[in-house]
Amino acid sequence: MKTVLFRQHGGPEVLEYTDFPTPEPKAGEVLIRLQAASLNRMDVFVRNGWPGIKLELPHINGADGAGEICALGSNVSNFKIGDRVVINANFGCGKCEFCLSEQDNMCLDWHLLGETIRGTYAEYVCVPDRQLYKLPEKFDYHSSAAAALVYQTAWHSMVKRGGVKAGE
């Protein structure tokens, strides 16, 4: 697959457009053929690097993405090949007390797609099926990719932290 990656931290000059092996979905994962990815401020921070950040290099940036499911790992039953999806980039383990209480951002094994694990600046990405939302047929991939992480941040701040309820 084609991707944009970096092999060392630095400015935009470290980005490389190249070939990289297409990932294969594991149990509970799907392979998405990305139709859109968006630039997030986090992508610049990760590319620049900071003391203590641990990445598998080369690294592929990108938290935000939307596309079509093109392969299913075992134990995936909520989706089918061809489904249009947008990615929830906040990867909790799905099993701990925080994940089970819908506080996956507090998971002790939490990851952000494109930050600590390879992301969406590629033709394909594998993600756990629990990290996907189905898109309506007419909803644009680009709008979906651009909105996913920032909307989740706003929703978490207002609903989970602020306690906003329907009708308020």
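This text goes with the structure placed above it.
Below or above, wherever it landed, is the structure these notes cover. These numbers were taken from a predicted model, which means no experiment stands behind them. (Residues numbered from 1 in each chain as written. Predicted model: local features only at pLDDT ≥ 70, side-chain atom pairs only at ≥ 80, totals over all residues. Heavy atoms only, no water.)

A closer look at the side chain of Ser-38
What counts is decided by this rule: Note on conventions: DSSP H or I runs of at least 4 residues are helices, E runs of at least 2 residues are strands, and numbering of each starts at the N terminus. Burial classification: accessible surface area is computed with a 1.4 Å probe over protein chains only, and a residue below 20% of its type maximum counts as buried, one above 50% as exposed, and the rest as partly exposed. Polar contact is the term for a pair of N or O atoms within 3.5 Å; when the atoms are in protein, one must be able to donate a hydrogen and the other to accept it, and sequence-neighboring residues count only if both atoms are side-chain atoms. The criterion used for residue contact is that any of the two residues' heavy atoms lie within 4.5 Å.
Relative to the elements of secondary structure, Ser-38 occurs in strand β3 (residues 29-38). Residue class for Ser-38 comes out buried when judged on its relative accessible area of 15%. Looking at Ser-38, its side chain comes within polar contact range of the side chain of Asp-64, at 3.4 Å. A polar contact is formed between the side chain of Ser-38 and the backbone oxygen of Ala-145, at a distance of 3.1 Å. If sequence neighbours within four positions are ignored, Ser-38 has contacts with Asp-43, Asp-64, Tyr-121, Ala-145 and Ala-146.

Details of the environment of Leu-132
Summarising the element assignment, Leu-132 is placed in strand β9 (residues 132-134). Here Leu-132 falls in the buried class, since its relative accessible area comes to 7%. Spatially, the C-alpha atom of Leu-132 lies 6.1 Å from that of Val-85, the residues being 47 residues apart in sequence.

Re helix α1 (residues 41-48)
What counts here: The arc in question is formed by the directions pointing from the helix axis toward the C-beta atoms.
For α1, the complete set of buried residues consists of Met-42, Asp-43, Val-46 and Arg-47. Around the axis of α1, the buried residues are gathered within 135° of arc, so they sit on the same side. Lining the buried residues of α1 we find β1 (2-6), β2 (15-19), β3 and β7 (111-112). You can read the cap of α1 off the contacts: a side-chain oxygen lies 2.9 Å from the backbone nitrogen of Met-42, and it is on Asn-40. Just downstream of α1 lies Gly-49, where phi reads positive at about 85°.

Some details on the pattern of salt bridges
The line we're drawing: Any carboxyl oxygen of Asp or Glu that lies within 4 Å of a side-chain nitrogen of Lys or Arg is treated as forming a salt bridge with it.
Under the defined criterion, the tally for this structure stands at 5 salt bridges. Residue Glu-16 pairs with Arg-7 through a salt bridge whose shortest N-O separation is 2.9 Å. Since its relative accessible area comes to 28%, Glu-16 is described here as partly exposed. A relative accessible area of 46% means that Arg-7 is categorised as partly exposed. Asp-83 is the partner of Lys-80 in a salt bridge, and the nearest nitrogen-oxygen pair spans 2.9 Å. Taking the relative accessible area as the measure of exposure, Lys-80 reaches 53% and is therefore exposed. A residue is classified by how much of its surface remains accessible, and Asp-83, at 8% relative accessible area, is buried.

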